[in-house]
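Understanding the architecture of this molecule
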Amino acid sequence: AQTVTQSQPEMSVQEAETVTLSCTYDTSENNYYLFWYKQPPSRQMILVIRQEAYKQQNATENRFSVNFQKAAKSFSLKISDSQLGDTAMYFCALISGTYKYIFGTGTRLKVLA
Amino acid sequence: DAGVIQSPRHEVTEMGQEVTLRCKPISGHDYLFWYRQTMMRGLELLIYFNNNVPIDDSGMPEDRFSAKMPNASFSTLKIQPSEPRDSAVYFCASSLAGGRYEQYFGPGTRLTVT
């Protein structure tokens, strides 16, 4: 069975600081994709970043980057220079073999002014 | 380009009534997904379609739920009869085949069944 685990239900960070959200996963597939989605209070799910498992290089999108550790099955999200607009629920997701996402339970991030 | 469009944004109905949620995927996308989000159960995939054909409906909670996709630009999720435990936010998402697997979500419909 495929699983995605986010062990941090809530986190907070001061504006302009850096924060890392954790995600671990389990799959028996060799080819898979990992995603981070952001859900702000407006509840719209927004894709933040994606990572292909066959790529060793960590994905980066502006202030967002990942630390992909394939052997450890870990996929953490780093947010640099945190902004108030980053306050949201963050979901880690795995897709492999089919088009079905497996979502984690989410981490609620609050950026403090 | 317009994103995924869902209607209505909010729906309040009484127990026993029929509820129909609507979704228009991004033009050209060939996968469509229906999700339900609750505090207790998180995000659950209910059903997904490929080229208008249902591929996996194993997440549909019971026979009261049904989904259709009559054409590439429209899908419905129907609950009949509705129950208070169906109260949730329902999301539609679409995706394009070709390897990137990214899903684009609509704004969701908040359903309240009293």
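This report concerns the structure included in the present document. These numbers were taken from a predicted model, which means no experiment stands behind them. (Residues numbered from 1 in each chain as written. Chains lettered and ligands numbered in written order. Predicted model: local features only at pLDDT ≥ 70, side-chain atom pairs only at ≥ 80, totals over all residues. Heavy atoms only, no water.)

1. Section: the overall build of chain A
Keep this limit in mind: Strands here are runs of E lasting at least two residues and helices are runs of H or I lasting at least four, both read from the DSSP assignment and numbered beginning at the N terminus. Throughout this description, buried means an accessible area under 20% of the type-specific maximum (1.4 Å probe, protein chains only), exposed means over 50%, and partly exposed covers the range between. Note on contacts: a residue pair qualifies if any of its non-hydrogen atoms lie within 4.5 Å across the two residues. Per-residue and other accessible areas were derived by the Shrake-Rupley procedure at a 1.4 Å probe size, with only the shown protein chains allowed to occlude residues. Two residue types count as positive, namely Lys and Arg, and two as negative, namely Asp and Glu; His and chain ends fall outside the count. Where a charge lies is defined by one atom per residue type: Lys uses NZ, Arg uses CZ, Asp uses CG and Glu uses CD.
The helix and strand tally for chain A stands at zero helices and 12 strands. Helices and strands in chain A line up, N terminus first, as β-β-β-β-β-β-β-β-β-β-β-β. Overall, the C-alpha framework of chain A stretches about 40 × 25 × 20 Å when taken along its three principal axes. Across the 113 residues in chain A, those meeting the buried criterion constitute 50%. Excluding contacts between residues fewer than 6 apart, the proportion of contacts in chain A whose partners are at least 24 apart in sequence is 54%. Carbon together with sulfur atoms contributes 46% to the accessible area of chain A, which is approximately 5,500 Å² in total. Positive and negative side-chain charges in chain A, numbering 11 and 9 respectively, have mean positions lying 6 Å apart.

2. Side note on the pairing of strand E11 (residues 109–113) of chain B
Residues and elements named next belong to chain B. What counts here: DSSP-based pairing: two strands are paired if at least 2 bridges between them are found.
The alternating pattern of E11 places Thr 109, Leu 111 and Val 113 on a buried face and Arg 110 and Thr 112 on a face that is not buried. Sheet topology note: the strand E2 (residues 10–13)/E11 ladder contains four bridges and is parallel. From the neighbouring strand, His 10 faces E11, where its bridge partner is Arg 110. In terms of strand pairing, strand E9 (residues 88–95) meets E11 through three bridges, oriented antiparallel. By the bridge assignment, Tyr 90 is partnered in E11 with Thr 109.

3. A word on the sheet that holds strand E7 (residues 65–71) of chain B
Residues and elements named next belong to chain B. Which entries qualify depends on this criterion: Fitting a line to C-alpha atoms yields each axis, with helices limited to the stretch in contact; the angle taken between N-to-C directions then spans 0 to 180 degrees.
Spatially, E1-E3-E8-E7 is the arrangement adopted by the four strands of the open sheet, whose pairing is antiparallel. Whereas interior strands pair on both sides, the edge strands pair on one side only; in this sheet they are strand E1 (5–7) and E7. If you compare each strand with its neighbour and ignore which way they point, the axes differ by 15° on average. Relative to strand E8 (residues 74–79), E7 runs antiparallel, the two being bridged by five bridges. Among the inter-strand pairings, Asn 71 is bridged to a residue of E8, identified as Phe 74.

4. Considering the pattern of salt bridges
Residues and elements named next belong to chain B. Selection rule: Any carboxyl oxygen of Asp or Glu that lies within 4 Å of a side-chain nitrogen of Lys or Arg is treated as forming a salt bridge with it.
If you walk through the whole model with that rule in mind, you get 14 salt bridges over all chains. Among the ionic pairs, Arg 64 bridges to Glu 62, the shortest N-O distance being 2.8 Å. Taking the relative accessible area as the measure of exposure, Glu 62 reaches 27% and is therefore partly exposed. Salt-bridge contacts for Arg 64 lead to Asp 86; the nearest nitrogen and oxygen are separated by 2.7 Å.

5. Some remarks on the interface of chain A and chain B
Which entries qualify depends on this criterion: What gets called buried area is simply the loss in accessible area from a 1.4 Å probe that two parts show on being joined, summed for both. Any pair of nitrogen or oxygen atoms within 3.5 Å is treated as a polar contact; in protein, a donor-acceptor pairing is required on top of that, and neighbouring residues in sequence qualify only through side-chain atoms on both sides.
If you look at the interface, chain A gives 16 residues, while chain B gives 27 residues. Note on chain A versus chain B: buried area summed over both sides is about 1,900 Å², and carbon and sulfur give 55% of it. Contact with chain B buries area across many residues of chain A, yet Arg 43, Tyr 99 and Lys 100 of chain A alone supply 42% of it, more than any other trio. Here chain A and chain B share two salt bridges between them. When the shortest N-O distance is used, the salt bridge between Lys 100 of chain A and Asp 56 of chain B registers 2.8 Å. Our count for the chain A to chain B interface comes out at 11 residue pairs in polar contact (both at pLDDT 80 or more).

6. With respect to the side chain of Thr 109 of chain B
Along the chain, the position of Thr 109 of chain B falls in strand E11. Ignoring sequence-local partners within four residues, the contact set of Thr 109 of chain B consists of Arg 43 of chain A together with Gln 6, Ser 7, Pro 8, Arg 9, Leu 21, Ala 88, Val 89 and Tyr 90 of chain B.

7. Notes on the state of the cysteines
For the record, the criterion: Here, a disulfide means two cysteine sulfur atoms that sit within 2.5 Å of each other.
Throughout the structure, instances matching the rule amount to two disulfides over all chains. The disulfide that involves Cys 23 of chain A links it to Cys 92 of chain A, with 2.0 Å between the sulfurs. Looking along the S-S bond of the Cys 23 of chain A-Cys 92 of chain A disulfide, the torsion reads about -70°, which is the left-handed sense. You can see Cys 23 of chain A sitting in the loop between strand E3 (19–21) and strand E4 (24–26) and its partner Cys 92 of chain A sitting in strand E10 (residues 88–95), a full 69 residues away along the chain. The class of Cys 92 of chain A is buried, set by a relative accessible area of 0%. What pairs with Cys 23 of chain B in a disulfide is Cys 92 of chain B, and their sulfur atoms sit 1.8 Å apart. For the disulfide bridge between Cys 23 of chain B and Cys 92 of chain B, the dihedral angle about the S-S bond is near -65°, and by the sign convention the bridge is left-handed. In this pair, Cys 23 of chain B is assigned in strand E3 (residues 19–24) and Cys 92 of chain B in strand E9, connecting sequence segments 69 residues apart. Side by side, Cys 23 of chain B and Cys 92 of chain B carry an identical accessibility label, which is buried.

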